[in-house]
Amino acid sequence: TNWRYFFTEYARGRRLCNGGAGRRILVNCGGLVCVSYETHLRRFPGTMLTDMLTREGGQLTTKNYVFFDRHPFACVEILNAYRDGYVAHQPPHITPEVWQNELAYFRFDESTVKIEGLDMAFGNLEGDNDEDPLVHELFSEEKGKPQDGTLRLQFWKI
C-alpha cells in the first residue's frame, strides 16, 4: 500500500467535499455557533482564521471547530466578510469601538482586506455624517419627489 498516495487522495477528497468548498468549519464565538467552509476562510491571507488553517500547527489544520470568547455579532459580520470577499460598512448594531477592536483581533486591516466605510467606522466617531452620501440620500428632501407638472407633485408638497 502506498500510504503517501492514500493520504494525498484523502486530502483531495476533503477539499472537494461540499461542492468544492472544502471542510465545514464550526466557529463558536461567544456561544453563537456559525458554520463556514475552508475555502471561505482561506480568502484573506494574513488574517487570523486563514493563518489558523494554513500555518503548520494551526488550530484548524487538524480540527473542524474553534472557539473565541469575543463579541458574537461582530464575529458573524467578520465571517460574512470571509464569505462575501469584503468587509462592509460598520454594522449599526455594533458600536464603533467594539467593531474596531474586533477587526484588529481578527487581523483585518487595509493591508490584508478591502474594508468599505473604514472612515465611517474609525475616523468619524463624533457622529458628523453630513458628508456621507448614504446618509444624505436617506434624509434628502428630494428623495421620492415626483416630476414637475404632475398632480402627484401637488400632493407631495402637502
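Residues numbered from 1 in each chain as written. Predicted model: local features only at pLDDT ≥ 70, side-chain atom pairs only at ≥ 80, totals over all residues. Heavy atoms only, no water.

What follows is about the packing of helix H5 (residues 72-84) against helix H6 (residues 96-105). Direction vectors running N to C along H5 and H6 enclose 55°, while the axes themselves pass 10 Å from each other. Between H5 and H6, the angle falls in the class oblique. Pair H5 / H6 crosses with right-handed handedness. For the pair H5 and H6, the contacting residues are Ala74, Glu77 and Ile78 in the first and Trp99, Glu102 and Leu103 in the second. The residue inventory of the contact of H5 with H6, partitioned by class, reads four nonpolar, no polar and two charged. (Axes fitted to C-alpha atoms, helices over the stretch in contact; angles between N-to-C directions. Helix = DSSP H or I, 4+ residues; strand = E, 2+ residues; numbered from the N terminus. Parallel < 35°, antiparallel > 145°, perpendicular 65-115°, else oblique. Left-handed = near helix turned anticlockwise from the far one by under 90°. Contact = heavy atoms within 4.5 Å. Nonpolar A, V, L, I, M, F, W, Y, C, P; charged D, E, K, R; others polar.)

With respect to the helices, strands and loops of the structure, Thr50 is situated in helix H3 (residues 48-54). Here the alpha-carbon distance between Thr50 and Tyr82, two residues 32 residues apart in the chain, equals 9.6 Å. Every residue in contact with Thr50, bar those within four places of it in the chain, is listed here: Leu41, Arg42, Arg43, Phe44, Pro45 and Tyr82.

Structural remark: α-helix, 3.6 residues per turn; residues separated by three or four positions point the same way. The end-to-end C-alpha separation of H5 is 18 Å, in line with the 18 Å expected for 13 residues at 1.5 Å each. Taken residue by residue, H5 has Ala74, Cys75, Ile78, Leu79, Ala81 and Tyr82 as its buried positions. Seen end-on, H5 carries its buried residues on one side only, within an arc spanning 150°. Lining the buried residues of H5 we find strand S1 (24-29), strand S2 (32-37), helix H2 (38-41), H3 and H6. In the segment just after H5, Gly85 is the residue with positive phi, at about 100°. (Expected span 1.5 Å × (residues − 1). Buried < 20%, exposed > 50% of the residue type's maximum accessible area, 1.4 Å probe, protein only. Arc of directions from axis to C-beta.)

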